[in-house]
Amino acid sequence: MIANRVTPPMSALTASSSPYAVAPTIPSRSPARTAPPSAAARSGLVRIVAADCTGGIFPGAAEASAFPGSRSASDAAGGAPTTRHPGRCRRRHAATTIGSSPRNCRLVGTYGPETLRRAGRSTMGIDRHVALTEADYLRLLIHGTTAFELVRTSLELEIFEHLESSGGMDAARLAATIGIQAQPARVMLLGLCALRLVEKCGDTYGNTAMARRKLLRSSPRFLGALVDVQAKVINRALPDLAESVRRGTNVGLRHLPGPGTTLYERLTAHPELQQVFYANMGDASRKAFAQLLERYDFSTVRHAVDVGGGDGTNAIELARRYRHLTVTVFDQESVTRLAADRIEDPDLRRRVRFHAGDILADPLPDGADAVFVFHIFEIWSRKRNTELLRKCRAALPEGGICLIYNFVSDDAGTGSMSAGLVSPYFLTLASGEGMAYSAADMEQAALDAGFSHVERYEDMGFSHALVVGRR
Ligand SMILES: C[S@@+](CC[C@H](N)C(=O)[O-])C[C@H]1O[C@@H](n2cnc3c(N)ncnc32)[C@H](O)[C@@H]1O
């Protein structure tokens, strides 16, 4: 990547939209300020920059990667495929006539590296790869706690927000703005630059495109809730991974005193942590469920039971979209209260109902023609999941459907990164028996539970897969 370094025209550094427009090394009234994004920037081959800059934020390239040689998303928008890719949502089994139609399962606008490679385009900056040496990759593994704390502390001190709202600033000004000494400010900025979340031009620091996309509160992809739950709930348990592996149970739960043998039960004794947990769960589910809503047609469903429906995020979104539909959220008592408190709209209050109980031990509420098992499969062993699905099937009328929707690992059991990194949490803390299963595991469990027709949809985005079992 670094081989592509060339010095861009000044126009690429001086637009007023750039956080670096105020950088003292850059003439503020250069005629080039008003120039459109340079041809060099548009070509996608050119980045960086004067020797004192570690990266570049360029006019018209709000999504530009911070990294030398990378291409911006605006470059991508000019030439990347913009058509839909229905074929990307792979259907493994023939559909029957009941419930929603598979034609509604479509993948919209995914530009995977493969698509781009086939189109003969560079993937740098589009598939958002970060290139690291092996030594630095290993450093990230071994100093992972430090990297996490740099990110978490920056969020706590609102460093990304300050850098953004000021249009970039030097270390002394940042220190004064957040009320810390100069030396700790340098330590933080050095760490954030090394992690490629902040970049420096002259004496001025600014957010990289990656930080803007994921670490600013105003971004739809803001990861703050995830960082929060990691810090307050998950990280304290993970040092017990080794003992959990040895004993085959969630030893890390000992850090959270209370009733029950799962994290979900224990959280009922810690309302403030329960809030933190559902802030992240709701955030993640909203993003994942939005894509299911786009791809699956729920119009023939009259009444769905959302098993382990959590804070009601999915139920509320579904009931908002389909005005004829009733959803019953089946979850622990304190969770259903939390969910009920979120709903103000009288129509939604009427159509989103709650059923408190134990999803494993208690029967499902009556009258559903669809059952949702969203982000539940990951919690339990294969055996317990099959039993739960059998119970779901028994609660359905002939022709009723059960939707199992989850993030998944690949069928080979070798990835993704997110599947590999989230699974130890289920073992160490959540339940002691779950993991990110493959879509094939979900499909097999639905078959074992007795569903007569089972369909599997992969490549749903966010590493999710959908299995639909029809009674
Ligand atoms: C990972 S969250 C998923 C929430 C929701 N389905 C979603 O996709 O956002 C798991 C949910 O299952 C619920 N749960 C787990 N075990 C349960 C049990 N035995 N009885 C009732 N609810 C349970 C938890 O309270 C929690 O809300």
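Rules and cut-offs
Residues numbered from 1 in each chain as written. Predicted model: local features only at pLDDT ≥ 70, side-chain atom pairs only at ≥ 80, totals over all residues. Heavy atoms only, no water. Helix = DSSP H or I, 4+ residues; strand = E, 2+ residues; numbered from the N terminus. Contact = heavy atoms within 4.5 Å. Salt bridge = Lys/Arg side-chain N within 4 Å of Asp/Glu carboxyl O. Buried < 20%, exposed > 50% of the residue type's maximum accessible area, 1.4 Å probe, protein only. Near = heavy atom within 4 Å. Polar contact = N/O pair within 3.5 Å; in protein donor to acceptor, adjacent residues only side chain to side chain. Areas by Shrake-Rupley, 256 points an atom, 1.4 Å probe, with all protein chains shown as cover. Pairing = 2+ DSSP bridges. Axes fitted to C-alpha atoms, helices over the stretch in contact; angles between N-to-C directions. Patch = residues over 30% accessible without salt bridge, like charges linked within 9 Å, V, L, I, M, F, W, Y side chains within 5 Å. Core = buried A, V, L, I, M, F, W, Y, C linked by side-chain atoms within 4.5 Å. Phe/Tyr/Trp six-rings, centres within 6.5 Å; stacked < 30°, edge-to-face > 60°.

Chemist: Before we go on, may I ask you to explain the side chain of threonine 386 in this structure?
Modeler: Turning to its location among the elements, threonine 386 is positioned in helix 17 (residues 382-395). With sequence-adjacent residues up to four places away left out, threonine 386 is seen in contact with Ala445, Asp448 and Ala449.

Chemist: Which parts of the structure should I look at to understand the pattern of salt bridges?
Modeler: Proximity of charged atoms lets side chains of opposite charge pair with each other. What the rule picks out here adds up to 24 salt bridges. When the shortest N-O distance is used, the salt bridge between arginine 152 and glutamate 156 registers 2.8 Å. Here arginine 152 and its partner glutamate 156 are both found in helix 5 (residues 144-156), four residues apart, which amounts to about one turn of the helix. The class of glutamate 156 is exposed, set by a relative accessible area of 52%. A salt bridge links aspartate 283 to lysine 287, with the nearest nitrogen and oxygen atoms 3.1 Å apart.

Chemist: Can you walk me through the site of the ligand in this structure?
Modeler: In the neighbourhood of the ligand, 20 residues make up the surrounding shell, with Tyr278, Ser285, Gly308, Asp331 and His375 lying closest. At 2.7 Å, a backbone N or O of glycine 308 approaches a nitrogen atom of the ligand. Within the backbone of isoleucine 359, a nitrogen or oxygen atom sits 2.9 Å from a nitrogen atom of the ligand. Relative to its free-state accessible area of 590 Å², the ligand is covered by the protein chains to the extent of 96%.

Chemist: I tried to follow the sheet that holds strand 3 (residues 303-307) on my own but got confused; where do I start?
Modeler: Hydrogen bonds along the backbone pair up the strands of a sheet, which may run parallel or antiparallel. With respect to topology, seven strands assemble into an open sheet ordered 5-4-3-6-7-9-8, the strand pairing being mixed. Strands with a single pairing partner mark the edges of an open sheet, and in this sheet they are strand 5 (352-356) and strand 8 (453-457). Across the sheet, the mean angle separating the axes of adjacent strands is 20 degrees when strand polarity is ignored. By the bridge criterion, five bridges tie strand 3 to strand 4 (residues 326-331) in an arrangement that is parallel. Paired with histidine 303 across the two strands is threonine 326, which belongs to strand 4.

Chemist: Which parts of the structure should I look at to understand a nonpolar patch on the surface?
Modeler: Together, Val130, Leu132, Tyr137, Leu138, Leu140, Leu141, Ile142, Met417 and Leu421 make up a nonpolar patch on the protein surface, roughly 880 Å² of accessible area in all. Elements represented by at least two residues in the nonpolar patch include exactly helix 4 (134-142) and helix 18 (417-430). The element best represented in the nonpolar patch is helix 4, accounting for five residues. The topology assignment puts isoleucine 142 in helix 4. Since its relative accessible area comes to 66%, isoleucine 142 is described here as exposed.

Chemist: Quick question: what am I supposed to make of helix 15 (residues 333-341) here?
Modeler: Owing to its 3.6 residues per turn, the α-helix aligns residues three or four sequence positions apart on the same side. When helix 15 is considered as a whole, its buried residues turn out to be Ser334, Val335, Thr336, Leu338 and Ala339. If you follow the buried residues of helix 15, they end up packed against helix 13 (271-295), strand 4 and strand 5.

Chemist: Sorry, what's going on with the nonpolar core here?
Modeler: Nonpolar side chains tend to gather and get buried jointly when the protein is soluble and globular. Of all hydrophobic cores here, the largest spans 51 residues; its most connected members are Leu263, Leu389, Cys402, Ile404 and Tyr425. Sort the elements by how many residues they give to this core and helix 18 lands first, with five residues. Ranked by size, the runner-up nonpolar core spans 29 residues in total, among them Ala288, Ala319, Tyr322 and Val468.

Chemist: What is the right way to read the packing of aromatic side chains from this model?
Modeler: One pair of aromatic rings is described through two measures. These are the centre distance and the angle between the planes. Applying the stated rule across the entire model yields twelve aromatic pairs. Summarising the aromatic geometry, the rings of tyrosine 264 and phenylalanine 277 are spaced 5.8 Å apart at their centres and angled 80 degrees between planes, so their arrangement reads as edge-to-face. Taken together, the residues tyrosine 264 in helix 12 (residues 263-267) and phenylalanine 277 in helix 13 connect sequence positions 13 residues apart. In this structure tyrosine 264 comes out as buried when scored by relative accessible area, which is 13%. Residues phenylalanine 289 and phenylalanine 374 carry aromatic rings whose centres are separated by 5.6 Å and whose planes lie at 45 degrees to one another, so their mutual orientation is tilted. With a gap of 85 residues between them, phenylalanine 289 in helix 13 and phenylalanine 374 in strand 6 (residues 370-374) connect regions that are remote in the sequence. The rings of Phe289, Tyr296, Phe298, Tyr322, Phe372, Phe374 and Tyr405 are connected pair by pair, giving a single aromatic cluster.

Worth remembering: the numbers are spatial, not functional.
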